[in-house]
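Coordinate inspection notes
Residues per chain are reported as follows:
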Amino acid sequence: MKVGVLGGGRMGAGIAHAFLLAGCEVVVVERDDEAADAAGQRIRESIRRSVERGATALGADDLASAVHVGCDIADFADCELVVEAVPEDRTLKVDALLRIEGAAPDAAIATNTSSISIDDLAASLARPAQVLGLHFFNPVPASALVEIVEGAATAPALVERARGWVELIGKTPIVVRDSPGFASSRLGVALALEAIRMLESGVASAEDIDRAMELGYRHPVGPLRTTDIVGLDVRLGIAEELQTTLGERFAPPALLRQLVSEGKLGRKSGEGFYTWPNSTLENS
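Report follows, based on the coordinates. (Residues numbered from 1 in each chain as written. Predicted model: local features only at pLDDT ≥ 70, side-chain atom pairs only at ≥ 80, totals over all residues. Heavy atoms only, no water.)

Of all the five residues making up strand β1 (residues 2-6), five are buried; the element is thus mostly covered by neighbouring parts of the structure. Summarising the sheet, β1 and strand β2 (residues 25-29) pair through five bridges and their orientation is parallel. Residue pairing in the sheet places Lys2 in a bridge with Glu25 of β2. Viewed along the sheet, the connection from β1 through helix α1 (residues 10-21) into β2 turns out right-handed. As paired elements, β1 and strand β4 (residues 81-84) share four bridges and run parallel to each other. Note on β4: the bridge partner recorded for Gly4 is Val82. (Buried < 20%, exposed > 50% of the residue type's maximum accessible area, 1.4 Å probe, protein only. Helix = DSSP H or I, 4+ residues; strand = E, 2+ residues; numbered from the N terminus. Pairing = 2+ DSSP bridges. Right-handed = clockwise from strand over helix to strand, strands pointing away.)

Below, the structure written as structure tokens:
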């Protein structure tokens, strides 16, 4: 199977890595040579760590030879599946999907959005039946879930194919209808925003708020640490989208806006609700 990924940032590189470990040929397309070089380095480092951990029976050279990173969207022409992994911005995503459709007329097209309506994104495309959401979680190598989002026009057969792709990469699929925030983002953001409001008003420390959910409710990671892992800017973008569609209960707290404006984005910047040593900044 040949898979395309548009965008080789942290998420795109993780998606490429997952399909590579499943034995797929992967094409990653970035906006320019500099971004493509950075994406290639990111993927090679992820491959190296997987081989060292024994997470794959394939060798580093075999895995590296199965991925091509470049800037030419025409490289998607013979892909069975193309996943867009550009930033969570409606205009950027529509443009990305239109470019993919033009370059790969026979491919299934997936958007990695965590909150934007699949129907809205697919409305500008000539083949909305071939579009669905594949919501991966960060960090992709360590996550167990992929949320398959079915738009109103999505072909039922495509949803079944998507289940197979998710299982191929060793993850568990859930299927949800297109609705604001789907299932995971809507629930996760609601909990995170309330935790941020509690921290903002001095109810408890970040550590103790997280411990309440980890020890009291058996969450593996508390909502504030999870927000650091996801990215405070990502959480803010999702909250703003949900505020527009679902109302003021998803209004972002002032503390979240402040930290994002200060560049404190969580693990990827080294500081958010917690401080993250440099050694933890990359996917495990």
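With the rule as written, the count across this model stands at 20 salt bridges. Between Arg90 and Glu241 there is a salt bridge; the shortest N-O distance is 2.6 Å. Of this pair, Arg90 sits in helix α4 (residues 90-103) while Glu241 is found in helix α10 (residues 232-246), placing the two residues 151 residues apart along the sequence. For Asp208, the salt bridge is made with Arg211, and the minimal N-O distance between the two is 2.5 Å. You can see Asp208 and its partner Arg211 sitting in helix α8 (residues 206-216), three residues apart, about one turn around the helix. Salt bridges sharing common partners tie together Glu45, Arg48, Arg49 and Glu52. (Salt bridge = Lys/Arg side-chain N within 4 Å of Asp/Glu carboxyl O.)

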